[in-house]
Structure formats: C-alpha cells, structure tokens
Amino acid sequence: MGLISIFRDATVPTTASTVVTVKSGDTFANLSDRYNVFISVLERANNKYSDDDLLVGDHLIIPDNNNDAKDDKSSKQHSSSKKQSQSLLDSQEAWNEANAEAKAWISFHESTDSYTAQNGRYYGRYQLDTAYLNGDYSPANQERVAEQYVADRYGSWVNAKAHWEIFNWY
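Residues numbered from 1 in each chain as written. Predicted model: local features only at pLDDT ≥ 70, side-chain atom pairs only at ≥ 80, totals over all residues. Heavy atoms only, no water.

A. Up close: the pattern of salt bridges. Applying the stated rule across the entire model yields seven salt bridges. E147 is the salt-bridge partner of K103, the closest N and O atoms lying 2.6 Å from each other. Here K103, found in helix α4 (residues 69-111), pairs with E147, found in helix α6 (residues 139-153); they are 44 residues apart in sequence, far enough to count as distant. Using a relative accessible area of 35% as the deciding quantity, one classes E147 as partly exposed. (Salt bridge = Lys/Arg side-chain N within 4 Å of Asp/Glu carboxyl O. Helix = DSSP H or I, 4+ residues; strand = E, 2+ residues; numbered from the N terminus. Buried < 20%, exposed > 50% of the residue type's maximum accessible area, 1.4 Å probe, protein only.)

What follows is the structure, encoded as structure tokens:
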C-alpha cells in the first residue's frame, strides 16, 4: 500500500503540501494564522479536534488549499469568539479574586477578622456603624451589610481598600 492510500485511509487529504512539527505553545489557532489555513481544515486534515490533541513533536499536515472555506469561516470566527469569551472569563475571575483579596485585607486591618470586635459605635469584622447593622450583629448580617455598604459607597472592595490606604478608614 502506497503513501497516498495510507493518507486516504486516514481521511487525510492527498493534496497536502506541508508537514510541520508541533512545538511547545502551538495551538490550532496560531497554526491557522501562521499558515493561513482555517482551523477546521487543520483539525480534519489531521484527525485532531482539540488543542489538547496537539503534542510537542507531532507532525501535522498543512493542506495547500481551503476548499472548505465557506464552512470554515464560521469555525474560525467561533474560535476567535471562544478566545474572547475565555479572556473575559479570565478577566472577571481576576477581578473577583482582587475583590476577595481586598475584602480580606480590610477585614484584617479593621478587626483582625473578628466578628465581635468593637470600637465605640463600630462593630464586627468590618467595623460597621452599629446603626447600619440594625441590632443584628450576626456574621451573616455583617457580611450582607458590608457588601451593600461597599457597593454603594465605593463600587468594589478594591476601591474601598484604595480609600482605606489613603485615609486609614473606608
């Protein structure tokens, strides 16, 4: 059996003109950009359908044409949209983490994380004015009131921390 029939049996196009070796960091997206081939064409030509299938040292066939351009344009757009969505998720995750870190920082600096700390009319983990707590000093209410206070006054814990660092209170 010749080389061409092996390729046919593996559903790899016989018009492939380039074979590349996968290097660290290669993805279908960057290979697609580098060789001006749609992602789905690369995937089908190599019978691999995820970046997880790419291993350093693998040999990939780069087809010399884009006969499936009509179908693959939406695939390439989908891949780009997927990357943007992941980037947004990563950004949101980083923002949430920064807010959680700022909240913990304030809690430590206000009361060393104690829900029962007192300083005049200020009470609890976030040293809230007792009037804000309406007589309910439970940890759940302290958390709820602190979240609302920070959202209303600063917009985020990150902003509240920045204010605290300047004025020693938030």
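B. The arrangement of unusual backbone geometry in detail. Located in the positive-phi region is N36, a residue other than glycine, with phi close to 55 degrees. Mapped onto the fold, N36 is located in the loop between α2 (28-35) and α3 (39-46). Given a relative accessible area of 63%, N36 falls into the exposed group.

C. Molecular detail of the packing of aromatic side chains. Taken as a whole, this structure holds nine aromatic pairs when the rule is applied. Residues Y154 and Y170 carry aromatic rings whose centres are separated by 6.4 Å and whose planes lie at 35 degrees to one another, so their mutual orientation is tilted. Of this pair, Y154 sits in the loop between α6 and α7 (157-167) while Y170 is found in the segment after α7, placing the two residues 16 residues apart along the sequence. For Y170, a relative accessible area of 7% corresponds to the buried category. Where F167 meets W169, the ring centres are 6.4 Å apart and the plane angle is 45 degrees; that geometry is what we call tilted. Feature note: the residues Y126, Y132, Y149, Y154, W157 and Y170 constitute an aromatic cluster, connected by ring pairs. (Phe/Tyr/Trp six-rings, centres within 6.5 Å; stacked < 30°, edge-to-face > 60°.)

D. Spatial organisation of the confidence of the model for the protein chain. Residue-level pLDDT values for the protein chain average 82, and 81% of them are 70 or greater. Low pLDDT (under 50) marks residues 1-16, which in the prediction has 17 contacts with non-local residues, meaning those over four places away or in another chain. Between residues 67-71, whose pLDDT stays under 50, and residues either more than four places distant or in other chains, the model counts three contacts. (pLDDT = per-residue confidence, 0-100. Contact = heavy atoms within 4.5 Å.)

E. Molecular detail of the side chain of N141. Relative to the assigned elements, N141 resides in helix α6. Within polar-contact distance, the side chain of N141 engages the backbone oxygen of D136 at 2.8 Å. Contacts of N141, omitting those with residues within four sequence positions, involve L133 and D136. (Polar contact = N/O pair within 3.5 Å; in protein donor to acceptor, adjacent residues only side chain to side chain.)

F. Seen up close, α7. Along α7, the residues that are buried comprise W157, A160, H163 and W164. All buried residues of α7 project into a common sector of 115 degrees when viewed along the axis, lining one side. Just downstream of α7, N168 is the residue with a positive phi angle, here 65 degrees. (Arc of directions from axis to C-beta.)

G. Main features of the sheet that holds strand β4 (residues 122-123). On the basis of which strands lie adjacent, the open sheet formed by three strands has the order β3-β4-β5 and antiparallel pairing. The open sheet has two edge strands with one neighbour each: β3 (118-119) and β5 (128-129). Judged from the two bridges that link them, β3 and β4 form a sheet pairing that is antiparallel. Residue pairing in the sheet places N119 in a bridge with Y122 of β4. (Pairing = 2+ DSSP bridges.)

H. The arrangement of the nonpolar core in detail. Counting 15 residues, the largest nonpolar core has Y126, L128, Y149, V150, W157, A160 and Y170 as the members making the most contacts within it. Contributions of two or more residues to this core are made by α4, α6 and α7. In terms of residue count, the dominant contributor to this core is α6 (four residues). Residue contacts for Y170: discarding those within four places in its chain leaves I106, E110, Y126, L128, Y149, V150, Y154, W157, A160, H163 and W164. Grouped together as the second largest cluster of nonpolar side chains are 13 residues, V20, A29, I39 and L54 included. (Core = buried A, V, L, I, M, F, W, Y, C linked by side-chain atoms within 4.5 Å.)

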